[in-house]
Amino acid sequence: MKKISHGGVVQSVDENGVKVRIVQSSACASCKVASHCSAAESKEKVVEVRCANAMGKYKAGDIVTLSMSGQNGRDAVMLGFICPFLVIVAVLAIALYLTRNEGWAALMAVGALGPYYLLLWLLKDKISRKFAFYLED
């Protein structure tokens, strides 16, 4: 199975795991004309990685590689993009059919994302265990 890997630098280490700083960049950020283009962007993120014996194995400043299974990446895209899109389309279609008012249907469709994201937030602990990164040796 394919995996998703990303290089990073250890920011801090404690008994629960390691915090790794990564630079997340868009696909065009490495382009030669990226400095002249508004589409290119990059952001620094800090990712928490749970691992046993992190205190003796890693120290701040170490260069490490974070990995996640490809299936987890696909599942994350489903939860973050595809499911919300389907919620909007379904609620829009149903609301438009019931109300015959495009304005109200659009408001209901956008409003339906609130409960969806609330559900994700309520399940964040379970989701974070499923989408955990691990450090490659």
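Right above here is the structure, for reference.
Worth saying up front: this structure is predicted, and the values here are computed from it rather than measured.

Participant: Where do I start with the pairing of strand E4 (residues 63–69) in this structure?
Facilitator: Each regular strand displays side chains that alternate between the two surfaces of the sheet. As paired elements, strand E1 (residues 3–14) and E4 share 7 bridges and run antiparallel to each other. Looking at the pairing, glycine 7 lines up with threonine 65 of E4. Pairing geometry for E4 and strand E5 (residues 134–135), over 2 bridges, is antiparallel. Paired with leucine 66 across the strands is leucine 135, a residue of E5.

Participant: Just checking my understanding: could you explain a nonpolar patch on the surface for this structure?
Facilitator: Where nonpolar side chains cluster on the molecular surface, the patch consists of Val77, Met78, Phe81, Ile82, Phe85, Leu86 and Val89 and spans about 660 Å² of accessible area. Note that phenylalanine 81 resides in helix H2 (residues 70–99). The class for phenylalanine 81 is exposed, based on a relative accessible area of 61%.

Participant: Which parts of the structure should I look at to understand the nonpolar core?
Facilitator: Within soluble globular proteins, side chains that are nonpolar generally end up buried alongside one another. Within the largest apolar cluster, 11 residues are counted, these being Val10, Val18, Val20, Ile22, Val47, Val49, Ala54, Tyr58, Val64, Leu66 and Leu135. Secondary structure elements with two or more residues in this core: strand E2 (17–25), strand E3 (42–50) and E4. When residues of this core are assigned to their parent elements, the largest contribution, 3 residues, is made by E2. When sequence neighbours within four positions are dropped, the list of residues in contact with isoleucine 22 reads His6, Gly7, Gly8, Lys43, Glu44, Lys45, Val47 and Leu66.

How each quantity is defined
Residues numbered from 1 in each chain as written. Predicted model: local features only at pLDDT ≥ 70, side-chain atom pairs only at ≥ 80, totals over all residues. Heavy atoms only, no water. Pairing = 2+ DSSP bridges. Helix = DSSP H or I, 4+ residues; strand = E, 2+ residues; numbered from the N terminus. Patch = residues over 30% accessible without salt bridge, like charges linked within 9 Å, V, L, I, M, F, W, Y side chains within 5 Å. Areas by Shrake-Rupley, 256 points an atom, 1.4 Å probe, with all protein chains shown as cover. Salt bridge = Lys/Arg side-chain N within 4 Å of Asp/Glu carboxyl O. Buried < 20%, exposed > 50% of the residue type's maximum accessible area, 1.4 Å probe, protein only. Core = buried A, V, L, I, M, F, W, Y, C linked by side-chain atoms within 4.5 Å. Contact = heavy atoms within 4.5 Å.

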